[in-house]
Structure formats: C-alpha cells, structure tokens
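# Understanding the architecture of this molecule
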Amino acid sequence: MTRRDNVGPVCSLKFVTLLVALIPELLFLGAGVQLQDNGYDGLLIAINPQVSEDQNLIPNIKEMITEASFYLFNATKRRVFFRNIKILIPTTWKANNYSKVKQELYEKANVIVTDWYGAHGDDPYTLQYRGCGKEGKYIHFTSNFLLNDDLTAGYGPRGRVFVHEWAHLRWGVFDEYNNEKPFYINGQNQIKVTRCSSDITGIFVCEKGPCPQENCIISKLFKEGCMFIYNSTQNATASIMFMQSLSSVVEFCNAHTHNQEAPNLQNQMCSLRSAWDVITDSADFNHSFPMNGTGLPPPPVFSLIQAGDKVVCLVLDVSSKMEEADRLLRLQQAAEFYLMQIIEIHTFVGIVSFNSKGEIRAQLHQINSDDDRKLLVSHLPSTVSAEAQTSICSGLKKGFEVVEKLNGKAHGSVMILVTSGGDEHIGNCLLTVLSSGSTIHSIALGSSVVENLEELSQHTGGVKFFVPDKSNSNSMIDAFSRIPSGTGDIFQKRIQLESTGENVKPHHQLKNTVTVDNSVGNDTTFLVTWQTSGPPEIALVDPNGRKYYTSDFITNPALRTARLCIPGTAEPGLWTYTLNNTHHSLQALKVTVTSRASSSAMPPATVEVFVERDSPRFPHPVMIYANVRKGIYPILNATVTATIEPETADPVVLKLFDDGAGADIIKNDGIYSRYFFSFAVNGSYSLKVHVSYSSSISGLAHSVPGNCAIYVPGYIANGNIQMNAPRKSVGRHEEEQKWGFSRVSSGGSFSVLGVPAGPHPDVFPPCKIIDLEAVKVEEEVTLSWTAPGEDYDQGQANSYEIRMSQSLQKIQDDFNNAILVNISKLLSPQQAGTKEIFTFSPKLFTNGPDHQPDGETQESHRIYVAIRAIDKNSLKSAVSNIAQVPLFIPPNSAPVLARDHLILKGVLTAVSSIGIICLTIAVTHYTLNRKKRADKKENGTKLI
C-alpha cells in the first residue's frame, strides 16, 4: 500500500475524532439531519423564491412538523422525534428579523416547498433514487397543500402525511398502494384490494354507487370506473405507508400485518419485507433505544433563517505549482467567466491569493454593473510566485478577514478555494473553518490534491471539484459554472448548454451545433478559450442564418478568451459554431455556452448530477445519477452520457439509463443512473454529464418522479358514501418543441483508494436483478427481467440461477437450498439491459411431497421465485427481488368472493329489498291515481 493510501484515512480519523471531542455540534452544520438522544437535529425546510409570501405558511409548516413529531414518536414505539428544525425563508420575502443563514443552502434542503404542481396537483412526494433502505433526495410540498385545509379530507392531517414522506426519505421504504393495480387475485383465487394491512375494510363502488364485486370484473380484468371505498371507521392500526389518513392507522406494517401478496412498490423493492422490518434495520434504530417513561417528547424548536447580502470570496493558489500545465491560465479563464457571467448581480465579491502566506487582492466590492465585474477581473492574479509551499489555512483566514468586514461575521459567506495541493497542515484550521459559518467550495488541480480537502467541503455543505492537468479539459469552467447559488431560483440560474474541448491540429477546425431551446435564451453567452498563440478564427451562425465572427466577440488576449453575449433573447433552434486553428501548432480549443430562462412562466429543463457509494475504496463501485426534469416533471427518453476523468488516465464515457435496472431502481422517473467501476488509478476523478433530447421523441412524464401520499377519493361513513372533491389535475402546457435541448453539468468529483497497480483481478460481479416479474399463464409461469452484465451492468453475464419455494422465509433466508429450476431451455444471458423472458411449469417441481415446506399445505396456492446471475469467473450477483405468483387455479374457475364482497352483498340485499318494497308501493299508487283520473274523465263526458 502506498503512503497516500495510508495517510488519507488516518488523517480523516484524527480530524473527526478531534471534532467530536472538542465541538461535536460543528459537524452538524453541513452534515444534514443527525439523530441524537432520540431527536432529529438539522432538518432543513426551504421555501422556493417563486412562492408568494403568505402569513399562514410558516405557522402551518410548524403545526405540520409538531403534529408529525408526536405521531412519529408513537409510530416508532418511542424511538424518534423531531427536535430542531430550520426553515429557510427566501430572499424574495421581506426581512422580518429572521436569523441569518450560516451554511444552509436551498440545494441541501431535506424538504422543499414550491409552486410547481404535478399532474395531480398537490400530491406530496419524495424523490427516491436508491434502493430499499436507502435515503431519498428530498420531500416536496406545494404551498397550496400547506395552505388549503380542504385537502386534508383526501390526504389526511398534514402531520401524518409528513411522517409518510419522512419514512420514504429517511428509511427508504416505499408505498403500499398501487394506483396502476388497485386489485389483484390472491393465492386462494380471491379478488383482493391492494392494501396493507388486509384488515382495512370497505366496499366496491361503481360509477353510480355500491355494486357487487363481480360487476367490476370482466374475464378477471377490472372494469374502468370501479373503485374500492374504505370505511372511515376502522379497527386496523396499519399502515402509515398505505393510508395514513385513517384515524385508526398509527403504525407501520410489520411482519404480522404486512400484506406480502399486494402488488405494490414496497413488496417489489424490498423483496416482500414489511416497512417496519426495513425501518428497524436502519442505522437510526441500530443506534437508539426507546425512551423511558410514558410522557411525550418536547415539541420541536424552529429557527427561521434568511440569507442576507450574498458574499463570495475567491481564495486562489498562486504557488509555483500553479505554473504547471497552464493551471494559472485556466484558473484565470474560469474566474473571469465566473465574475463576468455567472455570479448574480448585487453580490459582494472579494479576492485573496496565497502561497505560504495569504494576501488580500481585492476587498469586498458589490457588483452593480459590468464595470464592477471588470474591476474585479483586473484583480485576478496574473503571475505565480517562486515559492512552492502552500498554506490553505493562510488563504482561508485572509478570506474570512475580507468577508467579516461587511457584517463582522463570516456567516452565510461562500469561499471558492482553488488549490494545486501539497498542504499537509489543513487540519490546523479545520475547527476555525467549521465554526465560521462559511460554505467552502473546493477546486483541486492536478494530482497533488490535499488529502482532506473533501472533508473541508463536505462538513461545510460545499461542493468539491477536481480538475485534471489536460489541455483540452474544460473541467475548470465546468466547476465554476456548477457552484450553487443557494437560493433555488431556477429562473435566475445560469444554465450550461454546451461544454467541449478538443486538441485541434494546425489548419483544422472544431465544428459543432448547440441547441438553444425556447425555455432558455436570455443572457446567452458563447465563450471560446485557447491555450497558446492568438485566437482561432471564429464563425457562429444562428438558426436564421445570421453570422457572427471573431470581430464580434469581446477578446481578452492576456487571458486568451473570446466572449459573445447575444442581446435580448437568443433565437431558439440550432446554433452552429466553427473554430479554425489558423496556427502552425496544435491548439487546445474549448467552447462553453450558457443561458438563462426565457420566461418566469416556464421553468427550463435542468440536470442535477450526484454520486453515491458505499465505500471510497476499491472495488466498491460508484453510482452516478443525473436527475433530468422540467420543473418537477421527469424528462424521459433523453440521451444522457457521463464523462469521468481520472488524474492521469484517459477519460471514460458512460451512457446512463432510466430503465429500472442495475443502478436505476425506478423506470421512467427522470433519474438516469449507472455503475462506474473502471478505476484506472488511485486519486480523484472528475465527473461531467451531457444531456441531449430530441424533439421527435415524446419525453415529458405525466407524473411526478417519486413516491407520494395517497389521496383518498372518499369514505363509507355510517353506511353512506361520502366522496371527497376530485383530486385536482393540472393540465401541462405542452409548448411546441421543434429543436429539443442540450444541457451540461459538472457532477463534482470523487476519490478512490486501493486501486491495484497493473491489470485488475475480476472482482466485479453482475449487478442485482431488481425487476423480476412472474406471471401465471394457464399451467405455466413466465418470468421476465432485465439482463445484468458480466461486471455489474456492463457486458454479458455467463449464466443464471433460478430458484423457487412455497415458503417466502426459505427463499429469503436460504436461497441456496430452495428448489432449483431447470433452465436448460434458457439461452445464455443476453447483453446487459436486454429484456429476458423464461417460461417453466412449476408443477414439475412442486407436486412431490418432498417439496412441501414444513407446516405448509398446497392450499396456499403460491410460489416465490428469485434469480441471480453468475459471471465467467463464478462471481455471483446478489439475489434478485422476490417475485410471487398464484398456482393451481382451475382455468375456468370463477374468482371467489372475498369478505368485503360478502359484507357488500348483505348491504345490497337489504338495499334491494327496500327498493322492491318502495317500487311496489309506487306502482300501486300510480295505478290507483290513473284509475281515478280515468273515472273522472268518463263521468265528465257523460255530463256533456
């Protein structure tokens, strides 16, 4: 093991131990939600700046969380509650003596409140992108959900809804209802409602009122317009993940109440485990015990915070190492672009440089015009020092000195730290940095990165980047473009449309097109940079044929940049750029295109990139995710590619998929995913994602990308059907998309340790199959799944192993000894991502007495099937999700009426009897009246 492999973990452990021993609360500033002594601290709720100020919104949020805290405490058997909550007030609201933000950013919020409505209006939802038991991204509420009390009739009390969503977010459990499959046929050939627990009661209702169960069935398919309405009064206490709105529901489904047969996402994603089983297996429950006594916990404490003046300080390395590989030049180019185009108006900006000592180059200066921006650019360092030593602490301390001159504190300020590394003493100022209340975004250059720079950003809520020493890499500008604003205002954010670089031979050209779609176009900027000699010959053509040349660009010969700002709103369509290298030497030419939203009425398409991993050490893979959406709507059928650049090896290009297989757990949720494990060297890896979308393909999803609390259409109360108001559907404005769109975003960086030198041994198994489905067709069972790869989700596996059992516990706990299915008729596994189908007859395996599980009879009529893949070196994947299917149902047998139907049948019989009596009376009354009228008419005729 190299010295580098040893130093990182040891130093990290020393820092964390020191922090916990001296000031443990400092770790929580940028670390998200923490559980201490049964209470959650650090929960951040952020209100989007587009939400109008309303005096009732904050009180309603407080009331929701307070109610949720007590409900959660009881539902978890006195385990957890909410202690400290922060609510981030947007700067668009008037100041009201709110506390100032420290390191809280909108982008880091656990809960967001927006005015972006989904297809079903105000459905609360949680964005989940990892598997069972894994934390989600955020909870989303609309402001109308929090303000309109009428919605509680359908969703239930807001506190209960929050607990439902919290279980999604924190513990990675899934919904126990299924709007797509509201009914199913169970193992006893009974028609059942998809619910958990099965003890929740109700009746079938057709379009015109109560109806027999068989009226909802056509050849075992369920007629449209039928629904199951639940009784408002229940005895069942579970489950919160099914219908939290029922007053009797106070707990999660456990092993005794869980409905394993229901075709819901919880069963699919968690292999038929109950929600409570998954929750109690979480780190929260492994490190906490029920509180003693019988009393309730204290109510939550709320802090209202609001960002003040935005303050940014650039802390730039000027040691002699910055002279290597044109690092200083690339820093100058990126910093100029950031100051001239990216950073918002009215921001206060300062500049500090450092080698072994720090130096203030520019005190805070507020940006109110282009002249202010140019002034700040003039203070960027133009030369490097002769000194190789760097002291990051010295640079940061000077940065704090600069920002504290505005308000006396560094709270809420942002440091953009750019360094070439080589500083082993960063731990000397870690406590100062954490207690400052400043957010540190770090950009590391080259291979001599500081071992603990990542912790510096992580513990202050910042983003970390890595820029390799490659002349054609645009990673430096990508990093500056990706630095979050912290406000969540997507309409003011500068969106990157293009980022490319290429080493162009003499008298050759770099030519390409970039799409400017109609959701962007304001402040559109084309930036061209080069590394040596003079500028290339530039030609830019807009969709109408108008041409721009080098002379139209603002050129900075010293920084080797040329910039063109399109006035007004750029014409939507394809823009074509051509860069001609007119010199006699190789030129590294790079192009960056950015723009802003064209209208506040239409959110632009965006991409958010992030990575997850279980360990930073080889051979654990990295999961790459790209969340592509427009507002809250997922964008489907996009082409999404990730480019991963290691410190010294060649870049790796990886296509991401939204297919519900491999690293992608849910199909068509707009989150494109992939495993990355092609580790070439130890050290840092830079990540960038490019999204292109063709206008010829329908790609805007009709639902929100997450698990959401169920809206109950109505209840049976005192024998009467009481329907709630129909759930509001929001029609989306389908603006014409003639040109598609393109987006680029940096995903920051990640580090890998323990990569062996030379060729790697095969340590990567096929990935787990997560979409196994089983369907009974007469006497046979057809299985379908997505093929994994030889290594995770890449390549082609060698074989499959399919096993089945009539005991769920056996296949869960002892897969190796379950019944092996003969798959000789199944061809070799196909390429990863291909749909596999296999049909077999389970009677061949389940008829014999040896195959009956202990204590179970064939009356269960159900088998459970699972699969795993094996590669050519006999490495096996994890066992798949468990699929289930009913068996031995005679083909012509009619479904057996379930208990709910028998109750309904009695109700309908009584209703029918009463109806017959009423009808008889009405007919008799009508007949007598008619006879009387006839007699009168006859008498009248006689008198005339």
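Whatever comes next refers back to the structure up there.
Below: a short report on this structure. (Residues numbered from 1 in each chain as written. Predicted model: local features only at pLDDT ≥ 70, side-chain atom pairs only at ≥ 80, totals over all residues. Heavy atoms only, no water.)

Counting its secondary structure elements, the chain contains 18 helices and 50 strands. The proportion of buried residues among the 944 residues of the chain is 54%. Put simply, of all contacts in the chain between residues at least 6 apart along the chain, 77% involve residues at least 24 apart. Accessible surface, the chain as shown: approximately 39,900 Å² in total, 51% of it carbon and sulfur. (Helix = DSSP H or I, 4+ residues; strand = E, 2+ residues; numbered from the N terminus. Buried < 20%, exposed > 50% of the residue type's maximum accessible area, 1.4 Å probe, protein only. Contact = heavy atoms within 4.5 Å. Areas by Shrake-Rupley, 256 points an atom, 1.4 Å probe, with all protein chains shown as cover.)

With that settled, the discussion passes to the pattern of salt bridges. All told, the structure shown has 28 salt bridges when counted by the stated rule. One salt bridge connects Arg674 with Asp793, and the closest N-O pair in it is separated by 3.3 Å. Taken as a pair, Arg674 in strand β38 (residues 671–676) and Asp793 in the loop between β45 (780–786) and β46 (799–805) lie far apart in primary sequence, 119 residues in all. According to the relative accessible area criterion, Asp793 is buried, its value standing at 11%. A salt bridge links Lys835 to Asp771; its shortest N-O distance comes to 3.5 Å. A residue pair is termed long-range when its members are at least 10 positions apart, and Lys835 in strand β48 (residues 835–840) and Asp771 in the loop between β43 (741–752) and β44 (773–777) qualify at 64 residues. For Lys835, a relative accessible area of 47% gives the class partly exposed. Here the residues in one salt-bridge network are Arg130, Lys134, Glu612 and Asp614, joined through shared partners. (Salt bridge = Lys/Arg side-chain N within 4 Å of Asp/Glu carboxyl O.)

With that settled, consider the nonpolar core. Membership of the largest hydrophobic core comes to 127 residues, with the highest contact counts inside it found for Phe162 and Phe252. When near neighbours in sequence (up to four residues on either side) are disregarded, Phe162 contacts Leu43, Met64, Ile65, Ala68, Phe82, Val111, Ile139 and Phe141. Judged by nonpolar contacts, the second largest core, of 36 residues, contains Met340, Val349, Ile477 and Phe480. (Core = buried A, V, L, I, M, F, W, Y, C linked by side-chain atoms within 4.5 Å.)

Next up on the list: the side chain of Thr561. Structurally, Thr561 is set in strand β30 (residues 561–565). Residue classification places Thr561 among the buried residues on the basis of a relative accessible area of 1%. Reaching out from Thr561, the side chain makes a polar contact with the side chain of Glu336 at a distance of 3.1 Å. With residues up to four places along the chain from it excluded, the contact list for Thr561 reads Gln333, Glu336, Leu527, Val528, Thr529, Trp530, Ile554, Thr555 and Asn556. (Polar contact = N/O pair within 3.5 Å; in protein donor to acceptor, adjacent residues only side chain to side chain.)

Within the secondary structure, Gln333 sits in helix α10 (residues 327–342). A polar side-chain atom of Gln333 sits 3.1 Å from the main-chain carbonyl oxygen of Trp530. Beyond its immediate sequence surroundings of up to four residues, Gln333 is in contact with Thr529, Trp530, Gln531, Leu559, Arg560, Thr561 and Lys590.

Compared with an ideal rise of 1.5 Å per residue, which puts 14 residues at 20 Å, helix α5 (residues 158–171) spans 19 Å between its outermost C-alpha atoms and is within 8% of the ideal. Counting buried residues in α5 gives 14 out of 14 residues, a clear majority hidden from the surface. Backbone geometry just downstream of α5 places Gly172 in the positive-phi region, at approximately 65°. (Expected span 1.5 Å × (residues − 1).)

Bringing the packing of helix α2 (residues 57–75) against α5 into the picture now. As a packed pair, α2 and α5 sit with axes 8 Å apart at the nearest point and diverge in direction by 70°. Here α2 is positioned roughly perpendicular relative to α5, judged by the angle of their axes. α2 and α5 meet at a crossing whose hand is right-handed. Residue-level inspection shows Asn60, Met64, Ile65, Glu67, Ala68, Tyr71 and Leu72 of α2 in contact with α5, the latter providing Arg158, Gly159, Arg160, Phe162, Val163, Trp166 and Trp171. Split by residue class, the contact of α2 with α5 holds nine nonpolar, two polar and three charged. (Axes fitted to C-alpha atoms, helices over the stretch in contact; angles between N-to-C directions. Parallel < 35°, antiparallel > 145°, perpendicular 65-115°, else oblique. Left-handed = near helix turned anticlockwise from the far one by under 90°. Nonpolar A, V, L, I, M, F, W, Y, C, P; charged D, E, K, R; others polar.)

On the surface, Met227, Ile721 and Met723 cluster together into a nonpolar patch covering about 230 Å² of accessible area. Here Ile721 lies in strand β42 (residues 720–723). On the basis of relative accessible area, Ile721 is assigned to the partly exposed category, the value being 31%. (Patch = residues over 30% accessible without salt bridge, like charges linked within 9 Å, V, L, I, M, F, W, Y side chains within 5 Å.)

Let us now look at the packing of α10 against helix α15 (residues 475–482). For any two helices packed against each other, the geometry is given by the interaxial angle and the distance between the axes. Remark: α10 packs on α15, axes separated minimally by 9 Å, with the N-to-C direction vectors making an angle of 30°. In terms of orientation, α10 lies roughly parallel with respect to α15. Relative to α15, the crossing made by α10 is right-handed. Across from Arg327, Arg330, Leu331, Ala334, Ala335, Phe337, Tyr338 and Ile342 in α10, the residues of α15 making contact are Met476, Ile477, Phe480 and Ser481.

Asp372, Arg373, Leu376 and Val377 are the residues of helix α11 (residues 370–378) that are buried. One face of α11 carries all of its buried residues, which in axial projection span an arc of 140°. Turned more than 90 degrees off the buried face of α11, the exposed positions are Asp371 and Ser378. Residues of α11 that are buried sit in contact with α10, β19 (348–354) and β20 (358–366). (Arc of directions from axis to C-beta.)

To continue, consider the sheet that holds strand β47 (residues 819–820). Pairing in this open sheet of four strands is antiparallel, and the strands run β47-β46-β49-β50 from one edge to the other. Strand pairing shows two members of the sheet lacking a second neighbour, β47 and β50 (883–886), which therefore form its edges. With four bridges joining them, strand β49 (residues 862–870) and β50 adopt antiparallel strand pairing. Residue Val865 lies in a different strand from β50, and its bridge partner there is Ala883. (Pairing = 2+ DSSP bridges.)

Moving on to the state of the cysteines. The term disulfide refers to a covalent linkage connecting the sulfur atoms of a pair of cysteines. Within this structure, the stated rule accounts for three disulfides. A sulfur-sulfur distance of 2.1 Å marks the disulfide that ties Cys132 to Cys270. Here the disulfide of Cys132 and Cys270 is right-handed, its torsion about the S-S bond being about 105°. One end of the pair, Cys132, is in the loop between β8 (125–127) and β9 (138–142); the other, Cys270, is in the loop between α7 (265–269) and α8 (275–280), with 138 residues separating them in the sequence. Disulfide partner of Cys393: Cys429, at an S-S distance of 2.1 Å. The chirality of the disulfide connecting Cys393 with Cys429 is left-handed, given an S-S dihedral of about -80°. Remark: Cys429 occurs in the loop between β21 (414–419) and α13 (430–436) and Cys393 occurs in helix α12 (residues 392–407); sequence separation between them is 36 residues. (Disulfide = S-S within 2.5 Å.)

Spatial ordering of the open sheet is given by β24-β32-β26-β30-β29, a layout of five strands whose pairing is antiparallel. Of all the strands in the sheet, the pair left with one neighbour each is β24 (495–504) and β29 (554–556). Between one strand axis and the next, the sheet turns by 15° as a mean value, whatever way the strands run. Summarising the sheet, strand β26 (residues 520–530) and β30 pair through five bridges and their orientation is antiparallel. Within the sheet, the bridge partner assigned to Thr529 lies in β30 and is Thr561. Strands in contact with α15 are β24, β26 and β32 (587–597); relative to β24, the strand with the most contacts, it is inclined by about 170°.

Here the focus is the pairing of β20. With six bridges joining them, β19 and β20 adopt antiparallel strand pairing. Paired with Val352 across the bridge in β20 is Ile360. Where β19 folds back on β20, the antiparallel hairpin that results is connected by three residues.

Once that is clear, we can look at the packing of aromatic side chains. In this description, an aromatic ring pair is defined by two values, namely the gap between the centres and the angle between the planes. If you walk through the whole model with that rule in mind, you get 38 aromatic pairs. Their ring planes at 0° and their centres at 5.5 Å tell us that Tyr685 and Phe750 sit as a pair that is stacked. Taken together, the residues Tyr685 in strand β39 (residues 683–693) and Phe750 in strand β43 connect sequence positions 65 residues apart. Take Tyr685 and Phe750: they sit in the same class, and that class is buried. Taken together, the ring pairs in this structure connect Phe618, Tyr675, Phe676, Phe677, Phe679, Tyr685, Phe750, Phe764 and Tyr792 into an aromatic cluster. When the ring centre of Phe815 is taken as reference, the NZ or CZ atom of Arg803 above it lies at 5.9 Å. (Phe/Tyr/Trp six-rings, centres within 6.5 Å; stacked < 30°, edge-to-face > 60°. Lys NZ or Arg CZ within 6 Å of the ring centre and 35° of its normal.)

For the rest of this paragraph, the subject is the pairing of strand β36 (residues 639–646). For a regular strand, side chains alternate in direction, first toward one face of the sheet and then toward the other. With eight bridges joining them, β36 and β39 adopt antiparallel strand pairing. Among the inter-strand pairings, Glu645 is bridged to a residue of β39, identified as Ser686. The pairing of β36 with strand β37 (residues 652–656) spans five bridges and is classified as antiparallel. Following the sheet pairing, Ile644 is matched in β37 by Val652. Joining the antiparallel neighbours β36 and β37 is a turn of five residues.

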